[in-house]
Amino acid sequence: MEKLSSSYEENDSKNKSGRFSFSAEYDQVEHELLNDALFKDTIPLFGSYEHKMLELVDDIESQYSELIKPRARSHDHVASSDESGRKLSTDELIRLGGERFIQSRSMTDMSISTHPYADSFLGLSDQELKDVQLIENLLLSSEKVAQQEFERASNLLDWCDASSSGTGNPIQRVVYYFLKALREKIDKKSRTGPGNKHAYDMGGKILSASSTAVSVYQKLPFFQAGNFSGVQALVDRVSGSRRVHVIDLAIRQGVQTMILMQALSSQPDFVIKHLKITAVGTGHEQQIKQTGDRLKSFAESIKLSFSFNIVIVEDMLDFNKDLLQIDPREAMGVYSAYGLWSMIAQPDRLESLMKVIKSIKPRVMVVCEVAANLNSPNFVNRLIEALFYHGAVFDSLEDCMDREDENRSILESIYLGEGIRSIVASDGAERAIRHVNIDVWRKFFVRFGMKEIELTMSTLYQAKLMMGKFSCGSSCTFDMDGKSVIIGWKGTPIKCLSAWEFL
């Protein structure tokens, strides 16, 4: 992954995240399984994960070590709040908690003063030390859950419960939701017979909480950076066309369409004749219609000829080209902001959708998805990846929104909290929240003859421009991963933007 400099040059070939070290053994296994099971839970993330979970119990420390140690900071100099005048980020505190966890597992062989991580904890404030201990005990409890030592896990969670809070600092908040998920997992594993399935409709929640979604969008820089740069990637491929038709796979509040309207209507020395948006979904028709009404009013205010179509199918297998009312004069584009991940558990639906998209031959398909792998079959791997990802999101909320903000509370409890519950507490078909990284999407898209497009300087400029409009924008990071851009928070990947064409 390459860091974007101020001139947007690719100037660093080192992967800054450095969190995971994939073995050659895993690469070979992945290659062999790819064609048949790209999104399936049977694909291991590491060679050691090929065995059943019970066979991994004795080596669980090494799994945590693989996930946490590679990006541990240099022990020659550890930035603390006292030394640098800044608070440690949530990511840094999670890593220190991971180091404490690993340290506690090896204390039989050495004292704390001689442990290689001992210097990492010098200079921390009292609160930071408490936060590190909170993460350490969360990891210890998750280890006991993985080992099915539920009584010991519950005792550790009781300690975490006393130190965490849904209204505290980012570490306290993220641990609060993880311990709730771990308790639910213990309850499920301890229960005899089938449990009650907990259906969760993320898309519906977002559509039904319009004011919350808009408020969060306005205050978090990486959301706006993703939308503006994504729309620019679309405009780069359809500009100069008199008629533009965009298939939107996740219209939600339609903010991206408003940006698109402004971009197309403000093209110098060129007047667009008509913009058509087709919103595709499998439900929530009334909320999508309300979004369409708002977009029509906005189009009228800027004197743009506009039409809004809705295609609702009960099952994505029923979606077909004939439903799209395509005009051969139109320049076609597809925009998908978090529109694909919900079908990872239903690969036949996802493949059917992509075949239809390929058949319409769009000039470009813009894809924005979560930049984390939250689909591992291994509980340990999935929990730690989710902890880093959600830790960064909670960190951004702390910097960009007030603690008392009602919309922040709604976001954390309804969206993030439920997402953590699904990732940690659920297994198999019950696990609704699944995300994979850009490497997996690349291997999936190539099946359909798709080629990744280099993002233009104007696209990267839009991302940087939006960052500069926020007081907390300096914490928003941009890294190149091949031809895609990874938008992160203090170096932790949050979302990935890519553009594709069909050969």
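Rules of the game
Residues numbered from 1 in each chain as written. Predicted model: local features only at pLDDT ≥ 70, side-chain atom pairs only at ≥ 80, totals over all residues. Heavy atoms only, no water. Helix = DSSP H or I, 4+ residues; strand = E, 2+ residues; numbered from the N terminus. Salt bridge = Lys/Arg side-chain N within 4 Å of Asp/Glu carboxyl O. Buried < 20%, exposed > 50% of the residue type's maximum accessible area, 1.4 Å probe, protein only. pLDDT = per-residue confidence, 0-100. Contact = heavy atoms within 4.5 Å. Phe/Tyr/Trp six-rings, centres within 6.5 Å; stacked < 30°, edge-to-face > 60°. Axes fitted to C-alpha atoms, helices over the stretch in contact; angles between N-to-C directions. Parallel < 35°, antiparallel > 145°, perpendicular 65-115°, else oblique. Nonpolar A, V, L, I, M, F, W, Y, C, P; charged D, E, K, R; others polar.

Participant: Is there a simple way to explain unusual backbone geometry in this structure?
Facilitator: Both trends apply: most residues other than glycine have a negative phi, and most peptide bonds are in trans. Within the chain, Q148 stands out as a residue other than glycine whose phi angle is a positive 60°. Of note in the backbone geometry, K490 takes a positive phi value of approximately 55° without being a glycine. Mapped onto the fold, K490 is located in the loop between strand 9 (484-489) and strand 10 (492-502).

Participant: In this structure, what is going on with the pattern of salt bridges? I would like to understand it.
Facilitator: It is possible for side chains bearing opposite charge to pair when their charged atoms get close. Using the criterion set out here, one finds 30 salt bridges in the structure. The closest approach of N and O atoms between R183 and D158, which form a salt bridge, is 2.9 Å. Of this pair, R183 sits in helix 7 (residues 170-190) while D158 sits in helix 6 (residues 150-163), and the two are 25 residues apart along the sequence. On the accessibility criterion, R183 (29% relative accessible area) is partly exposed. Take D158: its relative accessible area is 43%, and that puts it in the partly exposed class. Note that K490 and D395 form a salt bridge whose closest N and O atoms lie 2.8 Å from each other. With K490 in the loop between strand 9 and strand 10 and D395 in helix 14 (residues 379-400), this residue pair connects regions lying 95 residues apart in the sequence. Owing to a relative accessible area of 31%, K490 belongs among the partly exposed residues under this scheme.

Participant: Please explain the confidence of the model for the protein chain as it appears in this structure.
Facilitator: The predicted coordinates of low-pLDDT regions are not to be read in fine detail. Across the protein chain, the average pLDDT comes to 83, with 77% of residues at 70 or higher. Considering only residues more than four positions removed or in separate chains, one finds that residues 108-116, a stretch of pLDDT under 50, has nine contacts.

Participant: I'm lost on the packing of aromatic side chains in this one. Help?
Facilitator: Remark: the centre distance and the inter-plane angle together describe each pair of aromatic rings, the angle taken between the planes. Counted under the stated rule, the structure contains ten aromatic pairs. Here Y176 and Y177 contribute two aromatic rings whose centre-to-centre distance is 4.9 Å and whose plane-to-plane angle is 85°, an arrangement assigned as edge-to-face.

Participant: Got a minute to help me understand the packing of helix 9 (residues 210-219) against helix 10 (residues 221-238) in this structure?
Facilitator: Pairs of packed helices are described in terms of their axes, by the angle between the two and the distance that separates them. Contact geometry of helix 9 with helix 10 gives a least axis separation of 5 Å together with a crossing angle of 90°. For the element pair helix 9 / helix 10, the angle class is roughly perpendicular. Every residue of helix 10 that contacts helix 9 at V216, Y217, Q218 and K219 is listed here: P221, F223, Q224, N227 and F228. Residue composition of the contact of helix 9 with helix 10, by class: five nonpolar, three polar and one charged.

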